[in-house]
Amino acid sequence: MLPCATDGFVAPRTGLSVAMSFVQKVLRGRIVTFCGNPFELPPSACLKVEEDGFLLVHEGKIVQVGAWSERSQYLPENADIIHYENALISSGFVDTHVHYPQLPVIASYGEQLLEWLTRYVFPVEASFADEAMASSIARRFLRELLRAGTTTAAVYCTVHPQSVDAFFAESMRLNTRMIAGKVLMDRNAPENLRDTVRTGYDQSAELIRRWHGKGRQSYAVTPRFAITSTPEQLEAAGDLLDIAPNVFMQTHLAENREEVRAVQQLFPASRSYLDVYDRAGLVRRRSVFGHAIHVDEPDLCRCHASGAAFAHCPTSNLFLGSGAFRLADAKDPRRPVHVGLGTDIGAGTSLSLLKTMGEAYKISQMNHKPLHPVQALWLATRGGAEALALEDRIGSVTAGMEADLCILDAGEGEFLQWRMERCQSVEDMLFVLMTLGDERCVRATWVAGECVYERGSDMT
Ligand code: GUN
Ligand code: ZN
């Protein structure tokens, strides 16, 4: 195994680790992945479990997956074998909506969306004019993501281009697959956080040229939400999507009732909040709409038809009192909409997708449509990858996929171990993990075939 730094993180890639990457690595343990969509088929039929599995990794990709008993006899001579006992080997988690600059204001008391933005979010985002601040928070954020088992995220930066440079530079160093972009805001925001149609366009275009498709990085055009962009800026955002292939778009949609009313007043000609974005050419594949709580049937049909995705952010929706996302409705097999899970830090209260799955379950209970644990894990992995149109690269443990993995277990606490021992099936384990677990249940995280985090490691 690669040397890990004292707090569990490996050192940045060195000559040594580059040389070692030619060694083939084999993970042994219980592998969990999917053979179907659990919102279309019975969930239990969609979970694929290899009880004593064999997973061969080479040059950043998964090369073979199967049963240890069948494959281990053909082990390459120089293979490095890592045996994860009493654990689940899963695809790395995908967080489809998160704000890295808001990490310092997570857990800020007492407001709903619009007041919370003014009181806590705008002041902290203003401090990202300082690139040193941006670099230091980007570094902490990405380390926390990996500690939580998250290997891909769609990330909002701030209005400052340097906040994007800082983020992608750190992600390049870690070799993580990330999507990020500069927030666009040309009205209804403090002066020091505003751009203009022209500067927002030019800066975004320059960032696309600098980062989109570099290593594992992708750019997302990021108008914050309809309240803070003029119709002209939304139009310009639509134009930006066409300057390079496969550029993403991310924004917020219908999160809070007061916000929805403000959008109706600002855009009286639009049929709905989604329609504001649609008129600007922003509703399409690789568009990710955060929240989408207060949407109607025509909106759902439009998202289905266009391939746009929703990011369901349950801890945030509970924290800000925004409302209950209707997941079962969005996933109705007659016109399913792509949905992934989002932590939405700083309104969200945890970077752990396990915790986010558990809170999604509680919201689904309020809607009387309980989220099955297999559906929850699917949303956090394969479903997230599909929402981001990345399912040909990440989100499942199958040959040909990039080797982004997280290894889950009961953690080091005696109580959760005791509870997990009482589980009769992998489904039971998943449900206990999502209900009681968090980042403490991540034993290790792998990025592009390298172990980048190992819980409690004292390796140097
Ligand atoms: N709507 C517009 N901006 C934001 C934000 O930063 N967080 C959340 N949760 N909603 C938003
Ligand atoms: Zn958000």
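Throughout this description, residue numbers start from 1 for each chain and increase along the sequence as written. Lettering of chains starts at A and numbering of ligands starts at 1, both following the order in which they are written. Local features in a predicted model are, by the rule used here, given only for residues with pLDDT of at least 70; side-chain atom pairs are given and counted only at 80 or more, and totals for whole chains, interfaces and linings are based on all residues. In computing side-chain properties, one takes all heavy atoms of the structure into account and sets aside hydrogens as well as water.

(A) Molecular detail of the overall build of the protein chain. Tallying secondary structure elements over the protein chain gives 18 helices and 16 strands in all. Scaling as 2.2 N^0.38, a compact globule of 460 residues should have a C-alpha radius of gyration of about 23 Å, and the protein chain matches this with 21 Å. Principal-axis analysis of the C-alpha atoms places the extent of the protein chain at approximately 65 × 50 × 40 Å. The buried label goes to any residue with under 20% of its type's maximum accessible area, the exposed label to any with over 50%, and the partly exposed label to all in between, with areas taken from a 1.4 Å probe on protein chains only. Taken over 460 residues, the protein chain has a buried fraction of 60%. Whether two residues are in contact is decided by their heavy atoms: any pair within 4.5 Å suffices. Sequence separation of at least 24 residues holds for 76% of the intrachain contacts in the protein chain that already meet a minimum separation of 6. To be clear on the numbers: accessible area is Shrake-Rupley with a 1.4 Å probe, and residue cover counts the displayed protein chains and nothing else. Approximately 17400 Å² of the protein chain is accessible, and the part contributed by carbon and sulfur atoms is 51%. In this tally Asp and Glu are treated as negative and Lys and Arg as positive; neither His nor the chain ends contributes. For charged residues, the charge sits on one atom: NZ in Lys, CZ in Arg, CG in Asp, CD in Glu. Each charge class in the protein chain was averaged separately, 45 positive and 56 negative side chains, and the resulting centres sit 1 Å apart. Secondary structure elements are defined from DSSP: runs of H or I of at least 4 residues count as helices, runs of E of at least 2 residues count as strands, and each element is numbered from the N terminus. As defined in this context, the radius of gyration uses C-alpha atoms, and a globule is described by 2.2 Å times the residue total to the power 0.38.

(B) Fine view of the site of ligand 1. In the vicinity of ligand 1, the contacting residues are His99, Gln102, Leu113, Trp116, Leu117, Arg224, Phe225, His252, Glu255, His291, Asp344 and Ala347. Identification of polar contacts relies on pairs of N or O atoms within 3.5 Å, with a donor-acceptor requirement for protein atoms, meaning one able to donate a hydrogen and the other able to accept it, and with residues adjacent in sequence counted only if both atoms are side-chain atoms. Arg224 has a polar side-chain atom sitting 2.8 Å from an oxygen atom of ligand 1. Contacts to ligand 1 include Glu255, whose side-chain N or O atom sits 2.7 Å from a nitrogen atom. Summarising the interface, the protein chains cover 100% of the accessible area of ligand 1, which totals 280 Å² for the free molecule. No other element matches helix α4 (residues 113-126), which puts 3 residues into the shell around ligand 1. Nearness here has a simple test: a residue counts as near a molecule or strand if at least one of its heavy atoms is within 4 Å of that partner.

(C) How the structure looks around the confidence of the model for the protein chain. In the predicted model, the protein chain carries a mean pLDDT of 95, and 95% of its residues have values of at least 70. Considering only residues more than four positions removed or in separate chains, one finds that residues 1-6, a stretch of pLDDT under 50, has 31 contacts. One confidence number per residue, pLDDT, is output by the predictor and ranges from 0 to 100.

(D) Seen up close, the sheet that holds strand β16 (residues 450-454). Between any two strands, pairing holds if DSSP finds at least two bridges. One open sheet accounts for 7 strands, arranged β3-β2-β1-β4-β14-β15-β16; its pairing is mixed. In this open sheet, the two strands that pair with only one neighbour each are β3 (61-67) and β16. On average, each strand axis in the sheet is inclined to that of its neighbour by 35°, with strand direction left out of account. When strand β2 (residues 47-58) meets β3, the two strands line up antiparallel, connected through 6 bridges. Note on β3: the bridge partner recorded for Phe54 is Gly66. A fitted line through C-alpha atoms represents every axis, and for helices the fit uses only the stretch in contact; the resulting angles, taken between N-to-C directions, go from 0 to 180 degrees. Along the sheet face, helix α5 (residues 131-147) touches β15 (442-447) and β16 and points at about 115° away from the line of β15.

(E) Quick peek at the packing of aromatic side chains. Working definition: a ring pair exists when centres of Phe, Tyr or Trp rings (six-membered ring for Trp) sit within 6.5 Å. Plane angles under 30 degrees give stacked, over 60 give edge-to-face, the rest tilted. Counted according to the given criterion, the structure contains 13 aromatic pairs. For the ring pair Tyr361 and Phe431, a centre distance of 4.8 Å and an interplane angle of 75° mean the geometry is edge-to-face. Of this pair, Tyr361 sits in helix α14 (residues 353-366) while Phe431 is found in helix α18 (residues 426-436), placing the two residues 70 residues apart along the sequence. On the basis of relative accessibility, which here comes to 27%, the residue Phe431 falls in the partly exposed class. Through pairs of rings, three or more aromatic residues link up here, namely Tyr100, Phe128, Phe141, Phe167, Phe168 and Trp211. The cationic tip of Lys331 hangs over the ring face of Phe39; the distance from NZ or CZ to the ring centre is 5.6 Å. Either the NZ atom of lysine or the CZ atom of arginine qualifies as a charge over a ring when it sits within 6 Å of the ring centre and within 35 degrees of the ring normal.

(F) Up close: the coordination of the zinc ion (ligand 2). Coordination shells were defined by N, O and S atoms within 2.8 Å of each metal, extended to 3.2 Å for Na, K and Ca; water is absent from the atom set, which can make sites look incomplete. Bound to the zinc ion (ligand 2) on the protein side are His97 (NE2), His99 (NE2), His252 (NE2) and Asp344 (OD), at distances that span 2.0 to 2.3 Å. Tetrahedral means four donors with every angle between 85 and 135 degrees, whereas square planar (four donors) and octahedral (six donors) require angles over 155 degrees between opposite donors and between 65 and 115 for all others; sites fitting neither are termed irregular. Geometry at the zinc ion (ligand 2) is irregular, judged from its 4 donor atoms and the angles of 91 to 166° they form at the metal.

(G) The pairing of strand β7 (residues 177-181), seen in detail. β7 sits mainly inside the fold: 5 of its 5 residues count as buried. Burial of β7 is two-sided: the residues Arg177, Ile179 and Gly181 facing one way and the residues Met178 and Ala180 facing the other way are all buried. Taken together, the 5 bridges between strand β6 (residues 150-156) and β7 define a ladder with parallel strand orientation. Across the sheet, the residue bridging to Ala154 is Ile179, located in β7. Assignment of crossover handedness uses the view with strands pointing away from the viewer, where a clockwise path from the first strand over the helix to the second indicates a right-handed crossover. Viewed along the sheet, the connection from β6 through helix α6 (residues 161-174) into β7 turns out right-handed.

(H) Spatial organisation of the pairing of strand β10 (residues 248-253). Extensive coverage of β10 is indicated by the burial of 6 of its 6 residues. Of the two faces of β10, the one carrying Phe248, Gln250 and His252 and the one carrying Met249, Thr251 and Leu253 are both buried. A crossover connection joins strand β9 (residues 217-223) to the parallel β10 through helix α8 (residues 231-240); in handedness this β-α-β unit is right-handed. Where β10 meets strand β11 (residues 287-291), 5 bridges bridge the pair, whose relative direction is parallel. Bridge pairing in β11 links Leu253 to His291.

(I) Structural context of the packing of helix α7 (residues 197-211) against α8. Between α7 and α8, the least distance of the axes is 10 Å, while the angle of their chain directions is 20°. Viewed along their axes, α7 and α8 adopt a mutual orientation that is roughly parallel. The element α7 and its partner α8 pack so that their crossing is right-handed. Facing Val197, Tyr201, Ser204, Ala205 and Ile208 of α7, the residues of α8 in contact are Glu232, Gln233, Ala236, Asp239 and Leu240. In this classification, the charged set is Asp, Glu, Lys and Arg, the nonpolar set is Ala, Val, Leu, Ile, Met, Phe, Trp, Tyr, Cys and Pro, and all remaining amino acids, among them Gly, are polar. Taken together, the residues of the contact of α7 with α8 break down into 6 nonpolar, 2 polar and 2 charged. For this classification, under 35 degrees means roughly parallel, over 145 means roughly antiparallel, 65 to 115 means roughly perpendicular, and everything else is oblique. Crossing handedness is defined as follows: a turn of the near helix away from the far one that is anticlockwise and smaller than a right angle gives a left-handed crossing, while the clockwise case is right-handed.

(J) Highlighting the pattern of salt bridges. Within this document, salt bridges are pairs made up of a side-chain nitrogen of Lys or Arg and a carboxyl oxygen of Asp or Glu, the two lying within 4 Å of each other. Taken as a whole, this structure holds 31 salt bridges when the rule is applied. Residues Arg210 and Asp165 are paired through a salt bridge, measuring 2.8 Å at the closest nitrogen-oxygen approach. Taken as a pair, Arg210 in helix α7 and Asp165 in helix α6 lie far apart in primary sequence, 45 residues in all. The class of Asp165 is buried, set by a relative accessible area of 16%.

(K) Looking closely at the packing of α5 against α6. The interhelical angle for the contact between α5 and α6, taken along N-to-C directions, is 40°, at an axis separation of 8 Å. Between α5 and α6, the interaxial angle falls into the category oblique. Our pair here, α5 against α6, has a crossing hand that is right-handed. In contact with Glu131, Ala134, Ser135, Ala138, Arg139, Phe141, Leu142 and Leu146 of α5, α6 contributes Gln162, Ser163, Asp165, Ala166, Phe167, Glu170, Ser171, Arg173 and Leu174.

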